[in-house]
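# Examination of the molecular architecture
Below are the chains, spelled out letter by letter.
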Amino acid sequence: MTSAKPTLEIRDLHVAVEGKPILKGLSLAVNKGEIHALMGPNGSGKSTLANALMGNPKYEITGGSIHLNGVDVLELSADERGRKGLFLAFQYPTAIPGVSVANFLRMALTARRKEMGMEKPLPPKEFRALVKEKMALLRMDDSFAGRYINDGFSGGEKKRAEILQMAVLQPEIAVLDETDSGLDIDALRIVSEGVNALSGPNLGVLLITHYQRILNYIKPQFVHVLVDGRIVKSGGPELAHELEAQGYDWVREIQAA
Amino acid sequence: MNEPQQTLDIREGYKEKFGFHDDIAPVFKSRRGLDKSVVEEISAMKGEPAWMRDFRLKALEQFEKKPLPNWGGNVGEIDFQNIFYYLKPTEEQTKNWDEVPADIKRTFDRLGIPEAEQKFLSGVGAQYDSETVYHKIKQDLADKGVIFLDTGSALEQHPDLFRQYFGTIIPPSDNKFAALNSAVWSGGSFIYVPKGVKVDMPLQAYFRINAQNMGQFERTLIIVDEGAWVHYVEGCTAPIYASDSLHSAVVEIIVKKGARCRYTTIQNWSNNVFNLVTKRAAAYQDATMEWVDANLGSKLTMKYPSVYLMEPGAHAEILSIAFAGKGQHQDAGGKAVHGAPNTTSSVVSKSISKDGGRAGYRGLIKVAKGAKGCKSTVRCDALLLDEHSRSDTYPYMEIEEDQVSIGHEATVSKIGDEQLFYLMSRGIPEAEAAAMIVSGFIEPITKELPMEYAVEMNRLIQLQMEGSVG
Ligand SMILES: Nc1ncnc2c1ncn2[C@@H]1O[C@H](COP(=O)(O)OP(=O)(O)OP(=O)(O)O)[C@@H](O)[C@H]1O
Ligand SMILES: [Mg+2]
């Protein structure tokens, strides 16, 4: 195996939403085993990046490339990307009334396993045990599995449910879009510990956040700052502290200089 | 050899699973078209008593006199003289699957009927074109006095009980199609559940149209005596032909004091069937009548199962699903008539339309003067899968009493891009994701079904969705 190619490689990405350019030449590489934090002001394009990565058809790629393990992701539909191990924990997860979390997880896992060469779905007993284990990791009540996806979930429950899906599907690259917002102090710790438990040499994480707080739990090796559709600064964990102390005007000034 | 021309635009999966036909040589087939002599011939074939022959002939007169309904769907297309009104597929009805002719048995095997009977049913009837080819009830229920027969056999074996109730809930004069059914009826189920007997597993009938240009006119009569309980399930399918078939049933139900009846339909006709069915129940003191009515397939369905709440404490539950695909029109709904004080009704309708199909809810809540303290809630939700499809809601109310509580809620939604993207991002292919959303939409109804039928419903929804997206 060559270590030359990054797991996820984004090059000079340009994305427009409803004809309006949002990302204007973004490059980023995330490897398995790495944790990257992406910070930036409201409206700078963080969720746009997340959606474009995942293949949301509303987001039009106007230039650049995305590769996952050397495969051209832009050729793939959202479901193919999901099966290949890309995962997005949504900033605003959608409710699907009438479809239970367990049912959904079973379908999704079966699809993902198939992609990984496992033709047969996990036997029901093992599946239930797996979900139970992951729910315990995230301190979720067992009854959760029977509820309808995000239907009537509190803000914090939605975020937890996103991480539960990640835990079950075991992606290679996970983009967590403001998973920390809306979580109370205890939940933030539990969810962070959950993410930490899942991370390791087989998982790369791109953590989108506004706050230093989550970075006290989940330690990124790299921090990037996105302003107006471009990464204007990258650095180590200390960058997050500087941002917290000085605000985005500080990087805007650096950029202007 | 005589392969019928198949319409190409419809559900691929249906063709394979249900849309096949058998080349059988019927024992008897009436000539095309309808007149007095055809009706007399049917009656004679069946060796019926004179009163039934007269009933049929009077009904025929009413059919001929009555105008076609000018609302609902386009029934003007039906060519009544091009239809075969009676086809007898076998000489004898049997209680043993092994005695059913091989071709016909193969059909029911493919549809999974004998297997279901083994697993979770109290009794099964299987009708093939005009006649029932198989009928059986579990011995312990028969010992308790439960009668489950095809309707013709019930007329023979229980003439008094039969005549006491037959045609009392839906007289031939009710509407043109009830009159037609009354004139040419054949097959259907007759159920009598004696006082206090609870039939815990469902009784099921399966209706299969096989011949081309066939008319199927089964007639079902269910009497649930005081404090008794029954769940009856019917399923229906037909081959895909280029020309139309007609299915026009009449279902009459009497639910006596404190009794409970649930009638579940999972209709899955091919797209060349006109399905015009009259279903009505009378519920007496503290009785409960539940219609669970799932309408998939057919060219046009007009069906509004109704409950007449005759005495205080009676309750009606109507759950309706209508799914219209390309070239289909589902005009479904329900009716609750509150004829006594303190009666309650609840209607939930879920309609889905896709590929230019048209599905809707047409319902009536009626409260008679003096029926104080009645409660009724109606909820109808429509889901549109694309821009070319159509949903209609016609909620009629005739409330003649002030001291009542009536609630009505209606929503129309489109399948959300957000929802599709969310499911797909987890690796679920688009068609499956769409099917999941639709299954979720009707879940408030499918969760009421026994597990086996809920699974079947979701499988059928999946089939409907196949090849539709993208
Ligand atoms: N689906 C959409 N429809 C219309 N405009 C959109 C859509 N998605 C993003 N935009 C626009 O693109 C710009 C970037 O939005 P994006 O959601 O990527 O920002 P963000 O960095 O995630 O902000 P926040 O920190 O507030 O979550 C904004 O001006 C937003 O209004
Ligand atoms: Mg965002």
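Residues numbered from 1 in each chain as written. Chains lettered and ligands numbered in written order. Predicted model: local features only at pLDDT ≥ 70, side-chain atom pairs only at ≥ 80, totals over all residues. Heavy atoms only, no water.

Scanning chain A from terminus to terminus reveals eight helices and ten strands. On C-alpha atoms alone, chain A measures out to a radius of gyration of 18 Å, which is about the 18 Å that the 2.2 N^0.38 rule sets for 257 residues. Dimensions of chain A along its principal axes, counting C-alpha atoms only, are 60 × 40 × 40 Å. A buried classification covers 53% of the 257 residues belonging to chain A. Within chain A, residue pairs in contact and separated by at least 24 positions form 70% of the contacts whose partners lie at least 6 positions apart. For chain A, the exposed surface amounts to about 11500 Å²; the carbon and sulfur share of it is 50%. (Helix = DSSP H or I, 4+ residues; strand = E, 2+ residues; numbered from the N terminus. Rg over C-alpha atoms; globule rule 2.2 N^0.38 Å. Buried < 20%, exposed > 50% of the residue type's maximum accessible area, 1.4 Å probe, protein only. Contact = heavy atoms within 4.5 Å. Areas by Shrake-Rupley, 256 points an atom, 1.4 Å probe, with all protein chains shown as cover.)

Let us look at the interface of chain B and chain A. Each partner contributes residues to the interface: chain B has 18 residues there, and chain A has 33 residues. When the two sides are added together, the surface that chain B and chain A hide from each other amounts to roughly 2000 Å², 66% of it contributed by carbon and sulfur. Among the residues of chain B in contact with chain A, B:Phe421, B:Tyr422 and B:Arg426 are the three that bury the most area, contributing 40% of the side total. If you look at where chain B meets chain A, you find two salt bridges. (Buried area = accessible area lost by both parts, 1.4 Å probe. Salt bridge = Lys/Arg side-chain N within 4 Å of Asp/Glu carboxyl O.)

The description of two helices packed together rests on the angle between their axes and the distance between the axes. Residue and element names in this part refer to chain B. With their axes 10 Å apart at the nearest point, helix H2 (residues 36-46) and helix H3 (residues 50-65) run at an angle of 155 degrees to one another. When the axes of H2 and H3 are compared, the pair comes out roughly antiparallel. Pair H2 / H3 crosses with right-handed handedness. Seen from H2, the contacting residues are Lys36, Val39, Glu40, Ile42, Ser43 and Lys46; seen from H3, they are Arg53, Arg56, Leu57 and Leu60. Partitioned by chemical class, the residues of the contact of H2 with H3 number four nonpolar, one polar and five charged. (Axes fitted to C-alpha atoms, helices over the stretch in contact; angles between N-to-C directions. Parallel < 35°, antiparallel > 145°, perpendicular 65-115°, else oblique. Left-handed = near helix turned anticlockwise from the far one by under 90°. Nonpolar A, V, L, I, M, F, W, Y, C, P; charged D, E, K, R; others polar.)

Before going further, it helps to spend a moment on the coordination of the magnesium ion (ligand 2). Residues and elements named next belong to chain A. Donor atoms from the polypeptide that bind the magnesium ion (ligand 2) are Ser47 (OG) and Gln91 (OE1), placed at 2.0 to 2.1 Å. With a gap of 44 residues between them, Ser47 in helix H1 (residues 46-54) and Gln91 in the loop between strand S6 (86-89) and helix H3 (101-115) connect regions that are remote in the sequence. Residue classification places Gln91 among the buried residues on the basis of a relative accessible area of 17%. (Donors = N, O, S within 2.8 Å, 3.2 Å for Na, K, Ca; no water.)

In this section: the site of ligand 1. All names here are of chain A. Near ligand 1 lie 16 residues; those nearest to it are Lys46, Ser47, Thr48, Tyr59 and His210. Contacts to ligand 1 include Ser47, whose backbone N or O atom sits 2.8 Å from an oxygen atom. In the model, an oxygen atom of ligand 1 is placed 3.3 Å from a nitrogen or oxygen of the Glu178 side chain. Relative to its free-state accessible area of 630 Å², ligand 1 is covered by the protein chains to the extent of 70%. With three residues, H1 is the largest single contributor of residues to the shell around ligand 1. The class makeup of the residues in the shell around ligand 1 is four nonpolar, eight polar and four charged. (Near = heavy atom within 4 Å. Polar contact = N/O pair within 3.5 Å; in protein donor to acceptor, adjacent residues only side chain to side chain.)

All names here are of chain A. Axis separation between H3 and helix H5 (residues 155-169) bottoms out at 10 Å; the angle between their running directions is 35 degrees. Regarding H3 and H5, the two cross each other, and that crossing is right-handed. Where H3 approaches H5, its residues Val101, Phe104, Leu105, Ala108, Leu109 and Arg112 are matched on the opposing element by Leu164, Gln165, Val168 and Leu169. Of the residues that constitute the contact of H3 with H5, the class distribution is eight nonpolar, one polar and one charged.

The subject of this paragraph is unusual backbone geometry. The phi dihedral of A:Asp228 falls on the positive side, at around 50 degrees, and the residue is not glycine. A relative accessible area of 44% means that A:Asp228 is categorised as partly exposed.

The next subject is the nonpolar core. Judged by nonpolar contacts, the single largest core of 131 residues is most densely connected at A:Leu8, A:Ile10, A:Leu49, A:Leu176, B:Phe108, B:Leu423 and B:Met457. Apart from the residues lying within four places of it in its own chain, the contact partners of A:Leu176 are A:Ala89, A:Ile163, A:Met166, A:Val195, A:Val205, A:Leu206, A:Leu207 and A:Ile208. Within the second largest apolar cluster, 47 residues are counted, among which are B:Val146, B:Val199, B:Phe207 and B:Cys236. (Core = buried A, V, L, I, M, F, W, Y, C linked by side-chain atoms within 4.5 Å.)

Residues and elements named next belong to chain B. When pLDDT is averaged across chain B, the result is 92; 97% of the residues are at 70 or more. Within the model, the stretch residues 1-10 combines pLDDT values under 50 with 17 contacts to residues more than four positions away or in other chains. Among the prediction metrics, the complex's ipTM stands at 0.96, with pTM recorded as 0.87. (pLDDT = per-residue confidence, 0-100.)

The next thing to look at is the pairing of strand S21 (residues 358-367) of chain B. Residues and elements named next belong to chain B. Among the ten residues that make up S21, eight are buried, leaving the element largely enclosed by the rest of the structure. Sheet topology places strand S19 (residues 329-338) next to S21; ten bridges connect them, and they run parallel. Each residue of the ladder has a partner; that of Gly333, found in S21, is Arg362. (Pairing = 2+ DSSP bridges.)

So, about the packing of aromatic side chains. Scanning the model with the defined rule gives 24 aromatic pairs over all chains in all. Plain terms: the ring middles of A:Phe90 and B:Phe421 are 5.7 Å apart, the flat faces sit at 85 degrees to each other, and that makes the pair edge-to-face. Separated into two different chains, A:Phe90 in the loop between S6 and H3 and B:Phe421 in helix H10 (residues 417-425) make up a pair that spans both. For A:Phe90, a relative accessible area of 9% gives the class buried. For B:Phe421, a relative accessible area of 6% gives the class buried. For the ring pair B:Phe80 and B:Phe177, a centre distance of 6.2 Å and an interplane angle of 35 degrees mean the geometry is tilted. Remark: B:Phe177 occurs in helix H9 (residues 176-184) and B:Phe80 occurs in the loop between H3 and strand S2 (87-88); sequence separation between them is 97 residues. Since its relative accessible area comes to 13%, B:Phe80 is described here as buried. What makes B:Phe177 buried here is its relative accessible area of 5%. In this structure an aromatic cluster arises from ring pairing among B:Trp51, B:Phe55, B:Phe162, B:Phe166, B:Trp185 and B:Phe190. (Phe/Tyr/Trp six-rings, centres within 6.5 Å; stacked < 30°, edge-to-face > 60°.)

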